[in-house]
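# Understanding the architecture of this molecule
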Amino acid sequence: MEISGWLIFILLIQVIHGIGTWKLYVKAGRKSWEAFIPVYNGIVLMQLINRPKWWILLLFIPVINLFLFPIIWIETLRTFGKKSTVDMVLGVVTLGFYIAYVNYTQETTYHANRDLKAPNKTIDTLGSLSFAIVVATLVHTYFIQPYTIPSPSLEKSLLVGDFLFVSKFHYGARTPITPIAAPMVHDTLPLLKTKSYSGKPSLPFFRIPGFEKIKRNDIVVFNYPADTAFNMYIASDKRYDKPIDKKTNYVKRCTAIPGDKLEIKDGVIFINDKKSIMPDRAHPQYVHKVYSSKGVATTTLVDAGSSEFIRKFITTIYNENQANAITPYVLGSSKNNDGSVTFITDQRGVPNSILSQYSISITEVNDFEREANLTLNNAEKLRKSSSIDSVVRIIFKKNQPNKEIFPGNTNWTIDNFGPIYLPKAGETVELNKENIPFYKKVIGEYEGNDLKINGTEIRINGSVATSYTFKQDYYWMMGDNMHKSLDSRYWGFVPADHIVGKPIFIWMSIDGINDGIKNWSIRWDRLFTTVSGEGQPQSYFKYFLFALAAYFAFDYFRNKKKKKENNN
């Protein structure tokens, strides 16, 4: 819905409000016309129901107003003597229209100085709960949002199982595009596995001004531009167009900003023809082949700092229970001539608790050649190991094209990519058959134009176009895990309206978060660490505990002093 449509809708609501309440305004000693004036009528109503005038501001905040409107309907009914449970239920289930019924058919008395205490414990609890949701939703939507790292695309910099606080105000918070939505959940209701929002009506995109712009190498949370899944939990082959704010949240490093020229040469990133200098806390990783005539041991890979590699085991399965027990950990398997089974897992293997519980005996196979994900420093460390013959970094050359690579019609690879230019708001580019694949999605999907391409002819909104001026900025997001990150190299630019916020703080970190609670282990050194900054991260957890202990001590002695004064 465009802004003009929303203005008409708001004016219509004001007219309905006036028609449904003007007699109540008169009963309270006000003028009937005061019920029809937008915003002013809300201020007057807050005075009539003896509530703060600033509540009117909350009514214009999407999602939050969904919880405040029922409270105001109930407060209005109680102010005019309709305070039974039936009255309040009718006020809510009729979406406030019961007030209009009371306005025209019921004798009412205005209670200017009514008791603001809830008439019963149920209403009191619901009121408290509603305001708790309002406050939490306000913080979640416009200030701070919790986020969990689900994948290893930023491994070594951010780990799977890190729990972050993401700032919305650094880059400027967006107002929700989907105003009718469940609070503090994303696109799916967790237990019901259904949509958490209504696609209609929708609000125009608007971002509150922030105090910081996205810089190169910032870690950024954004909505995944290529997300067309129905919800976060169910994969589907059918395309499903989701509102921007309900696309799945991703976190990557901003490699290039609007107006930049980006190129990747043999895995090295160049911005505007200069090698990109990564911050201290960035730890780019690449897949390496590790060779040893003695066999490459898993312990050797772990000691070198690798946390992503494949393990091979041989076992004999005697019953179905044993087979079912190890199946969740197996990535692939084959049966051997002697009846044993060779299977592979990720770096975690099979938990000892499973092996013990089901009496399974396994033998690990250390192949002469293994692949492992390593930083360049860790690879160099591994080369110095006496048990290792050589370590070779894998580089995907341009003669090894991957058609999944953006924009889909080049011989580029994840290690040799570009050059590519990032669109910048207000910048005009010439359009031709060579560069239209790069900007096709920008022009048609992200900026809402009708784009048609017929051979060498390009039409935008029905007119032949030889150039295009971008309406918004675009960013290039990549993971530090260079060979194992689904990022802009696969789906292209990230529009400015998809930016969610900036991760600022790790408040909890759990190793083995995806392996069941029995296998969880808290990474104490990562608790209360900042995401950005110079040097290596430092935990402030001990300072937090000290401050908490100091507060409790202060509160204890303060209360003790008050109690002593009261006794005297």
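The structure presented is a predicted model; accordingly, all values stated were derived computationally and were not measured. (Residues numbered from 1 in each chain as written. Predicted model: local features only at pLDDT ≥ 70, side-chain atom pairs only at ≥ 80, totals over all residues. Heavy atoms only, no water.)

## Quick notes on the packing of helix α4 (residues 64–79) against helix α6 (residues 97–105)
At a closest axis distance of 10 Å, the pairing of α4 and α6 adopts a crossing angle of 20°. Taken together, α4 and α6 sit at an angle that is classed as roughly parallel. Classified by chirality, the crossing of α6 by α4 is left-handed. Between α4 and α6, the contacting residues are Trp 73, Thr 76 and Leu 77 on the first element and Tyr 98, Ile 99 and Val 102 on the second. For the contact of α4 with α6, a count of residues per class yields 5 nonpolar, 1 polar and no charged. (Axes fitted to C-alpha atoms, helices over the stretch in contact; angles between N-to-C directions. Helix = DSSP H or I, 4+ residues; strand = E, 2+ residues; numbered from the N terminus. Parallel < 35°, antiparallel > 145°, perpendicular 65-115°, else oblique. Left-handed = near helix turned anticlockwise from the far one by under 90°. Contact = heavy atoms within 4.5 Å. Nonpolar A, V, L, I, M, F, W, Y, C, P; charged D, E, K, R; others polar.)

## Re the nonpolar core
Core analysis: the biggest nonpolar cluster contains 32 residues, and Leu 262, Phe 417, Leu 431, Trp 476 and Phe 493 have the highest contact counts within it. At the level of elements, β5 (261–265), β6 (268–271), β15 (417–421), α12 (436–446), β18 (457–460) and β21 (474–478) are the ones that each hand at least two residues to this core. At 6 residues, α12 tops the list of elements feeding residues into this core. Counting residues in hydrophobic clusters, the runner-up holds 27 residues, among them Leu 24, Ile 56, Ile 64 and Phe 80. (Core = buried A, V, L, I, M, F, W, Y, C linked by side-chain atoms within 4.5 Å. Buried < 20%, exposed > 50% of the residue type's maximum accessible area, 1.4 Å probe, protein only.)

## Some words on the packing of α4 against helix α5 (residues 85–93)
Two numbers describe how α4 lies on α5: the axes approach to 9 Å, and their chain directions differ by 140°. As the angle between them shows, α4 and α5 are arranged oblique. In this structure, α4 meets α5 at a crossing whose hand is right-handed. Across the interface between the two elements, Pro 70, Trp 73, Ile 74, Leu 77 and Arg 78 of α4 pack against Asp 87, Met 88, Gly 91 and Val 92 of α5. Looking at the contact of α4 with α5, its residues break down into 6 nonpolar, 1 polar and 2 charged.

## Details of helix α2 (residues 40–48)
It helps to recall that an α-helix has 3.6 residues per turn; residues three or four apart then point in one direction. Those residues of α2 not exposed but buried are Asn 41, Gly 42, Val 44, Leu 45, Met 46 and Leu 48. Count one or two residues on from α2 and you reach Asn 50, which has phi positive near 60°.

## Topic: the packing of aromatic side chains
For the coordinates displayed, the defined rule picks out 32 aromatic pairs. A centroid spacing of 6.2 Å and a plane angle of 35° characterise the contact between Tyr 446 and Tyr 474, whose relative ring orientation is tilted. Note that Tyr 446 is positioned in helix α12 and Tyr 474 in strand β21, a separation of 28 residues in sequence. Here Tyr 446 and Tyr 474 have matching classes, each one buried. Following the ring pairs from residue to residue traces out a cluster consisting of Phe 406, Trp 412, Phe 417, Phe 438, Tyr 439, Tyr 446, Tyr 468, Phe 470, Tyr 474, Trp 476 and Phe 493. (Phe/Tyr/Trp six-rings, centres within 6.5 Å; stacked < 30°, edge-to-face > 60°.)

## Some remarks on the environment of Ser 276
For Ser 276, the position within the fold is in the loop between β7 (274–275) and β8 (285–291). In sequence terms Ser 276 and Ala 256 are 20 residues apart; their C-alpha atoms lie 9.4 Å from each other. Ignoring sequence-local partners within four residues, the contact set of Ser 276 consists of Asn 217, Ile 269, Phe 270 and Ile 271.

## Examining the sheet that holds strand β9 (residues 311–315)
Pairing within the open sheet is antiparallel, and its 4 strands lie in the order β10-β11-β9-β12. Each edge of the sheet is formed by a strand with only one pairing partner; in this case those strands are β10 (332–335) and β12 (362–365). With strand direction ignored, the average angle separating the axes of adjacent strands in the sheet is 25°. (Pairing = 2+ DSSP bridges.)

## A closer look at the environment of Glu 430
Take Glu 430: it is sitting in strand β16 (residues 428–430). Note on Glu 430: relative accessible area 58%, which makes it exposed. For the pair Glu 430 and Asn 559, spaced 129 residues apart in sequence, the C-alpha to C-alpha distance is 72 Å. Setting aside residues up to four positions removed in sequence, Glu 430 forms contacts with Asn 435, Thr 466 and Ser 467.

## With respect to the pattern of salt bridges
Enumeration according to the criterion identifies 23 salt bridges in this entry. Among the ionic pairs, Arg 523 bridges to Asp 162, the shortest N-O distance being 3.7 Å. Residue Arg 523 is located in the loop between β24 (521–522) and β25 (529–530), and its partner Asp 162 is located in strand β2 (residues 162–167); the two are separated by 361 residues in the primary sequence. You can call Arg 523 buried: its relative accessible area is 15%. Among the residues examined, Asp 162 registers a relative accessible area of 0% and is labelled buried. Across the salt bridge formed by Asp 260 and Arg 216, the nearest N and O atoms sit 2.7 Å from each other. Of this pair, Asp 260 sits in the loop between β4 (249–256) and β5 while Arg 216 sits in the loop between β2 and β3 (219–223), placing them 44 residues apart in sequence. (Salt bridge = Lys/Arg side-chain N within 4 Å of Asp/Glu carboxyl O.)

## Examining the sheet that holds strand β19 (residues 463–464)
The 3 strands are arranged β17-β18-β19 in an open sheet whose pairing can be described as antiparallel. Whereas interior strands pair on both sides, the edge strands pair on one side only; in this sheet they are β17 (451–454) and β19. Here β18 pairs with β19 via 2 bridges, running antiparallel. Note that in β19 the partner of Ile 460 across the bridge is Ser 463.

## A few points about unusual backbone geometry
Cis rather than trans, the peptide bond between Phe 406 and Pro 407 has omega equal to 0°. A cis geometry characterises the amide bond from Gly 418 onward to Pro 419, with omega recorded as 10°. A positive phi is found at Asp 273, a non-glycine position, where the angle reads about 70°. You can see Asp 273 is positioned in the loop between β6 and β7. Although it is not a glycine, Phe 528 sits at a positive phi angle of roughly 60°. Relative accessible area serves as the criterion here: at 16%, Phe 528 is assigned to the buried category.

## So, the environment of Ala 35
Mapped onto the elements of the fold, Ala 35 is located in the loop between α1 (3–27) and α2. In the structure, Ala 35 is positioned 457 residues away from Gly 492 in sequence and 51 Å away in space, judged by C-alpha atoms. Excluding its chain neighbours within four sequence positions, the residues that come into contact with Ala 35 are Gln 14, His 17, Gly 18, Thr 21, Trp 22, Tyr 25 and Asn 41.

## So, the pairing of β17
Both faces of the sheet carry side chains from a regular strand, because those side chains alternate between them. Pairing geometry for β17 and β18, over 4 bridges, is antiparallel. Bridging across to β18, Ile 453 finds its partner in Ile 458. Connecting β17 to the antiparallel partner β18 that follows it, the hairpin turn spans 2 residues, and Gly 455 within it adopts a positive phi of roughly 65°.

## Looking at the side chain of Glu 34
Along the chain, the position of Glu 34 falls in the loop between α1 and α2. In this structure Glu 34 comes out as buried when scored by relative accessible area, which is 5%. A polar atom in the side chain of Glu 34 sits 2.8 Å from the backbone nitrogen of Lys 31. (Polar contact = N/O pair within 3.5 Å; in protein donor to acceptor, adjacent residues only side chain to side chain.)

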